[in-house]
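For reference, the chains in residue letters:
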Amino acid sequence: MRLSKVKNRVFPIIIGLVLVLISCGSKSKNDSAQNNDTVKQVIDDNNSNFNDDIIVAANLTDVYLPLLKDKRVGIVANQTSVIFKGISSSKSLSTSNYSHIVDSLLQRDVNIKKVFAPEHGFRGKADAGELVKDGIDTKTNIPIVSLYGNNKKPSPEQLANLDVVIFDIQDVGARFYTYISSLHYVMEACAEAKIPVIILDRPNPNGNYVDGPILEPAHKSFVGMHPIPIVHGMTIGEYAKMINGENWLEGKTTCALTVIEMQNYTHDKPYNLPIKPSPNLPNDKSINLYPSLCFFEGTNVNAGRGTSKQFQIYGSPYLDKTVYSFKYIPMPNEGAKYPKHDGVLCYGEDLTKRENLKQIDLSYLIKAYQNSIDKKVFFNDFFTKLAGTKALRMQIEAGVSEKEIRETWADGLLQFKHKRDKYLIYK
């Protein structure tokens, strides 16, 4: 996979005129809400050598800083919320190649009043599902408000001293990855408080396909809030537009939304994440396999937590060792203080050398079920929340083939793709 590079751009003089237009257009919250505004970028045709380099929206400070002038700012951020320096976005990225957006904006005299932290926390160290507590950022002394645990939606009191909220989080494009659920609640709270939201868009590393069963309303949860497939093929900015456009916020309210677009991004362009988006997605392979292997979180199979190959291997002491030759022992590590089958020998598969997937692969799940020593305890109640439907478990238990299962998704996926087209920013 080609390594993408992220560069700061030197905008031509004409950018001043663009900023004036943007500033004027942002004066009316109602206009922003009704039009689902997307801030367009100016690309210098003379700099053709930049065409292959994806420039994330956070780097386009000349575009969004005017929207923050004299404003009290809240920001939804974690360890991926960075502004890159120079041209580096490679796997060898060091801290000298980027700065956290909070630090950068403070240096530019932006009045940041509060940071909102999603699952895994502001610095991205917490386990999946671990309670993240409120606190103070030791580096900046800015209050941190957790959006995970009992307080998933910002309260009116937490928003009371803010004029605008920025959302800048690297997503991976899967319905059960909870950053888009946090996005929903932030938009809903800000809509109710009449506070505009600015999305700083970032690539979706799984944005080149759409796949999986559509979530059924009866199985709505924090790992699936909307009637979308498991892999939705949208960026955070595009997804925010869909949340508004489909009236998914409580009371069918609409958030005053501005999306700052990336430059040079398309859904088919590979993007190597330079910073892991959460502790258990350490590399591109894990991110590619995540939509397929996360089903194991709803079974008695370990998906690599407690190893250095999270979401790249799977195994269980309850799988038939005459079928599976690969074995490993999960042990506590960062992001998995209490891994499933801690200290117990597990039999399974190592998928690190497999070709990258372009659709969800159910073969690992089906094979594991078929070769489970005790099928009665293979699934747990969390599986249906992850799948978004009871049908998938029933199909696997009944021995339905992957091809036949995928055929049952076809109509729902076709309808979703048609709906999705209305909100795409990038082709």
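The paragraphs below set out a description of the structure included in this document. Because the structure is predicted, anything quoted here is derived from the model rather than measured.

Next up on the list: unusual backbone geometry. Despite not being glycine, D109 shows a phi value in the positive range, around 65°. With respect to the helices, strands and loops of the structure, D109 is situated in the loop between helix 4 (101-107) and strand 5 (111-117). Classification of D109 as exposed rests on a relative accessible area of 71%. Backbone geometry at N247 places phi at a positive 60°, although glycine is not the residue there. Here N247 is to be found in the loop between helix 7 (236-245) and strand 10 (257-260).

With that settled, the discussion passes to the packing of helix 6 (residues 179-193) against helix 7. With their axes 11 Å apart at the nearest point, helix 6 and helix 7 run at an angle of 50° to one another. For the element pair helix 6 / helix 7, the angle class is oblique. Viewed along their axes, helix 6 and helix 7 form a crossing whose handedness is right-handed. Each of I180, L183, H184 and M187 in helix 6 lies in contact with helix 7, whose residues at this interface are I236, Y239, A240, I243 and N244. In the contact of helix 6 with helix 7, the residues fall into 7 nonpolar, 2 polar and no charged.

It is worth spelling out the sheet that holds strand 13 (residues 346-350) at this point. The strand order across the open sheet built from 3 strands is 11-13-12, with neighbouring strands paired in antiparallel fashion. Either end of the sheet is taken by a strand with one partner, and the two such strands are strand 11 (313-316) and strand 12 (326-328). The sheet shows a mean angle of 40° between the axes of neighbouring strands, taken without regard to direction. Where strand 11 and strand 13 come together, 4 bridges link them in antiparallel fashion. Bridge pairing in strand 13 places Y314 opposite E349.

Quick notes on the rules
Residues numbered from 1 in each chain as written. Predicted model: local features only at pLDDT ≥ 70, side-chain atom pairs only at ≥ 80, totals over all residues. Heavy atoms only, no water. Helix = DSSP H or I, 4+ residues; strand = E, 2+ residues; numbered from the N terminus. Buried < 20%, exposed > 50% of the residue type's maximum accessible area, 1.4 Å probe, protein only. Axes fitted to C-alpha atoms, helices over the stretch in contact; angles between N-to-C directions. Parallel < 35°, antiparallel > 145°, perpendicular 65-115°, else oblique. Left-handed = near helix turned anticlockwise from the far one by under 90°. Contact = heavy atoms within 4.5 Å. Nonpolar A, V, L, I, M, F, W, Y, C, P; charged D, E, K, R; others polar. Pairing = 2+ DSSP bridges.

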